[in-house]
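# Examination of the molecular architecture
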Amino acid sequence: MTDYEQAVKALIEAKKIVVSTGAGISQESGIPTYRDGLTGLWAGHNPQYLETANAFRENPQLVWGWYLWRRQQVARAKPNAGHIALHQMATLGRKVSIITQNIDDLHEKAGSKEVLHLHGSLATPQCFACHRPAVLAADNVQVTDFGALIEPPRCKKCNGKLRPGVVWYGEELPKGAWKTAMSLIKDCDVLVSVGTSGIVTPASDLPDIAFGLYKTVIHVNTIDQGVGEHELNEISLVGKATEVLTRLYSMMSKEVQTQ
Ligand code: APR
Ligand code: ZN
């Protein structure tokens, strides 16, 4: 049985599928991953520095400019065949829940309903001082790919600087997010982990938690993430998310039709 056949067998036998996605699933929509080198004004800065409250304190215009550029990139981006295949899988009679580290809305744009954002979202800025959520007026400045230093807007309530509504290094996940993620993993039959380098905890712990509960884990990545000591219930499908997920969906839908 090939890896794909093994993966489709597990997905067809599953009642509940959890898909954990990272930046790799949005890469083919033109959204750079975190391990791609930063460009323009942000070149030479490490995302692991820019994604901190400290960086925002030290250089609010650089950090706000970076997130505004990313917001504008995401606004222009379209969901790709990988996002769409995950939405289509949910139409085959199995429950498909998505846990994403991504701060874009491409899963939602593809039609997926059950999307849990572990690291927040570009769409929900908040006040750095009083933490109140804020609504951004339409962007009155287009940030070019080279980037720009942009003064963060101010909170209407306390005049504090607005910050992106994302989880920075060292910060807590959104309230209840991890609890929800844990119950999804506990209830599922298969975890599909797509386009993540598995560096940032606690998201990177999801596959091991799934193994600990005797679930099947399918990795989808352009890099072979290998199969560790869990060879019985771990499958590594190497390739682009658009190609691998589309192939999985089409094999699943053929199977479902013959049932
Ligand atoms: N298809 C599948 N996988 C891909 C593709 C693709 N087209 N392109 C890249 N990848 C893989 C890379 O091989 C890498 O393993 O996607 C992964 C992207 O890894 P990261 O850039 O580290 O993204 P991610 O794992 O989501 O980062 C996690 O780090 O900086 C923080 O908060 C940020 O949520 C982010 C977290
Ligand atoms: Zn405020």
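One structure accompanies this document, and this report is about it.

Basis of the calculations
Residues numbered from 1 in each chain as written. Chains lettered and ligands numbered in written order. Predicted model: local features only at pLDDT ≥ 70, side-chain atom pairs only at ≥ 80, totals over all residues. Heavy atoms only, no water. Pairing = 2+ DSSP bridges. Helix = DSSP H or I, 4+ residues; strand = E, 2+ residues; numbered from the N terminus. Axes fitted to C-alpha atoms, helices over the stretch in contact; angles between N-to-C directions. Contact = heavy atoms within 4.5 Å. Donors = N, O, S within 2.8 Å, 3.2 Å for Na, K, Ca; no water. Tetrahedral: all angles 85-135°; square planar, octahedral: opposite > 155°, others 65-115°. Buried < 20%, exposed > 50% of the residue type's maximum accessible area, 1.4 Å probe, protein only. Phe/Tyr/Trp six-rings, centres within 6.5 Å; stacked < 30°, edge-to-face > 60°. Lys NZ or Arg CZ within 6 Å of the ring centre and 35° of its normal. Polar contact = N/O pair within 3.5 Å; in protein donor to acceptor, adjacent residues only side chain to side chain. Parallel < 35°, antiparallel > 145°, perpendicular 65-115°, else oblique. Left-handed = near helix turned anticlockwise from the far one by under 90°. Nonpolar A, V, L, I, M, F, W, Y, C, P; charged D, E, K, R; others polar.

### Some details on the sheet that holds strand β1 (residues 16-21)
Taken in spatial order, the six strands line up as β3-β2-β1-β6-β7-β8 in an open sheet, and their pairing is parallel. In this open sheet, the two edge strands, each paired with only one partner strand, are β3 (115-117) and β8 (234-238). Direction aside, the axes of adjacent strands within the sheet are offset by 20° on average. In this sheet, β3 lies alongside strand β2 (residues 95-100) in parallel orientation, the contact comprising three bridges. Looking at β3, one finds that Thr100 is bridged to His117. Sitting on the sheet, helix α1 (residues 3-13) is in contact with β1, β6 (190-194), β7 (216-221) and β8, with an inclination near 125° to β8.

### A word on the coordination of the zinc ion (ligand 2)
Around the zinc ion (ligand 2), the protein contributes the donor atoms Cys127 (SG), Cys130 (SG), Cys155 (SG) and Cys158 (SG), which lie 2.2 to 2.4 Å from the metal centre. Taken together, the four donor atoms coordinating the zinc ion (ligand 2) span angles of 99 to 120° at the metal, a pattern that classifies the geometry as tetrahedral. Ordering the donors of the zinc ion (ligand 2) by residue number gives the pattern C-x2-C-x24-C-x2-C. Of this pair, Cys127 sits in strand β4 (residues 126-127) while Cys155 sits in the loop between β4 and β5 (162-163), and the two are 28 residues apart along the sequence. For the pair Cys127 and Cys155, one class covers both residues: buried.

### Structural notes on the packing of aromatic side chains
Ring pairs (aromatic) are described by centroid distance and by the angle formed between their planes. Tallied over the entire structure, the rule returns five aromatic pairs. Arranged with centres 5.7 Å apart and planes meeting at 35°, the rings of Phe56 and Trp168 form a pair that is tilted. Taken together, the positions of Phe56 in helix α3 (residues 53-58) and Trp168 in the loop between β5 and α7 (177-187) put the pair 112 residues apart, joining distant regions of the chain. For the pair formed by Phe56 and Trp168, the shared burial category is buried. With a centroid separation of 5.1 Å and 70° between ring planes, the pair formed by Trp66 and Tyr67 is classed as edge-to-face. Its relative accessible area of 2% is what places Tyr67 among the buried residues. One cation-aromatic arrangement involves Arg163 over Trp168; the distance from NZ or CZ to the ring centre is 3.8 Å. A cation over an aromatic ring shows up here: Arg247 above the ring of Tyr4, its NZ or CZ 3.6 Å from the ring centre.

### Brief notes about the side chain of Ser204
Among the structural elements, Ser204 can be located in the loop between β6 and α8 (206-212). For Ser204, a relative accessible area of 19% corresponds to the buried category. Polar side-chain contacts of Ser204 include one of 3.4 Å to the backbone nitrogen of Thr201. Apart from the residues within four sequence positions on either side, Ser204 is in contact with Gly198 and Ile199.

### Focus: the packing of helix α5 (residues 81-89) against helix α9 (residues 241-258)
Between two packed helices, both the angle of their axes relative to each other and the distance between the axes serve to describe the pair. At a minimum axis distance of 7 Å, the contact between α5 and α9 shows a crossing angle of 25°. Between α5 and α9, the interaxial angle falls into the category roughly parallel. For α5 against α9, the interelement crossing comes out left-handed. Touching Ala81, Gly82, Ala85, Leu86, Gln88 and Met89 of α5 are Ala241, Thr242, Leu245, Thr246, Leu248, Tyr249 and Met252, all from α9. Partitioned by chemical class, the residues of the contact of α5 with α9 number nine nonpolar, four polar and no charged.

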